[in-house]
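Summary of structural features
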There are 2 protein chains.
Amino acid sequence: MQEKYEIKKNNKIKQLKTKANYDKKVVHAILDAGLVAHIAFNQDQGPIVVPMLYGREKDTIFLHGA
Amino acid sequence: MQEKYEIKKNNKIKQLKTKANYDKKVVHAILDAGLVAHIAFNQDQGPIVVPMLYGREKDTIFLHGA
């Protein structure tokens, strides 16, 4: 497993970018400390946000979508 | 000011709908107890979520977008 996430258009930090960190250990520690993610979906009337429970295994995020 | 919000496609509660409440007094009390809203926007790569401070005045929500 690589040690850092590749910086792409959809994960590049723009706000306070001097504090950005792409090390997997740091990103995983932040994810593992959390419980709920706010996920956006597109629907007919525009984007909506749904708070969802999540868990991480390696580089995969699992969302609870019942 | 009307006492209830009109039920429309984009505000109709679907989950646990028996608990839904469209009374303005109830909706305003919930909004006034909160501080942060998770707002979805569409960008080129898809919808994103931004947590934003908010405030309410009558039927208007003000978002802090600095």
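A short note on the relation of the copies chain B and chain A
Screw-axis analysis of chain B against chain A gives a translation of 0.0 Å along the axis, an RMSD of 0.0 Å, and a rotation angle of 180 degrees. Expressed as an axis order, the relation between the two copies is that of a two-fold axis.

Re the interface of chain B and chain A
Taken together, the contact pairs 16 residues of chain B with 16 residues of chain A. Carbon and sulfur atoms make up 54% of the surface buried where chain B meets chain A, a total of about 1,000 Å² over both sides. When the area that chain B buries against chain A is broken down by residue, the three leading residues are His38, Gln45 and Pro47 of chain B, summing to 37%. Counting across the chain B and chain A interface gives 2 salt bridges. Between Lys9 of chain A and Asp44 of chain B there is a salt bridge, with its nearest N and O atoms 3.7 Å apart. At the surface where chain B touches chain A, the tally comes to 2 residue pairs in polar contact (both at pLDDT 80 or more).

Here we look at the sheet that holds strand β3 (residues 60-63) of chain B
Residues and elements named next belong to chain B. Taken in spatial order, the 3 strands of this open sheet run β1-β2-β3, and their pairing is antiparallel. The strands lining the two open edges of the sheet, one partner per strand, are β1 (36-43) and β3. Direction aside, the axes of adjacent strands within the sheet are offset by 50 degrees on average. Of the pairings in the sheet, the one linking strand β2 (residues 46-57) to β3 comprises 4 bridges and is antiparallel in character. Bridge pairing links Glu57 to Thr60 in β3. This element, helix α1 (residues 24-33), spans β2 and β3 of the sheet and lies at about 105 degrees to β2.

About the cut-offs
Residues numbered from 1 in each chain as written. Chains lettered and ligands numbered in written order. Predicted model: local features only at pLDDT ≥ 70, side-chain atom pairs only at ≥ 80, totals over all residues. Heavy atoms only, no water. Least-squares fit on C-alpha atoms with pLDDT ≥ 70 in both. Contact = heavy atoms within 4.5 Å. Buried area = accessible area lost by both parts, 1.4 Å probe. Salt bridge = Lys/Arg side-chain N within 4 Å of Asp/Glu carboxyl O. Polar contact = N/O pair within 3.5 Å; in protein donor to acceptor, adjacent residues only side chain to side chain. Pairing = 2+ DSSP bridges. Helix = DSSP H or I, 4+ residues; strand = E, 2+ residues; numbered from the N terminus. Axes fitted to C-alpha atoms, helices over the stretch in contact; angles between N-to-C directions.

All quantities given are derived from atomic positions and should not be read as evidence of function.
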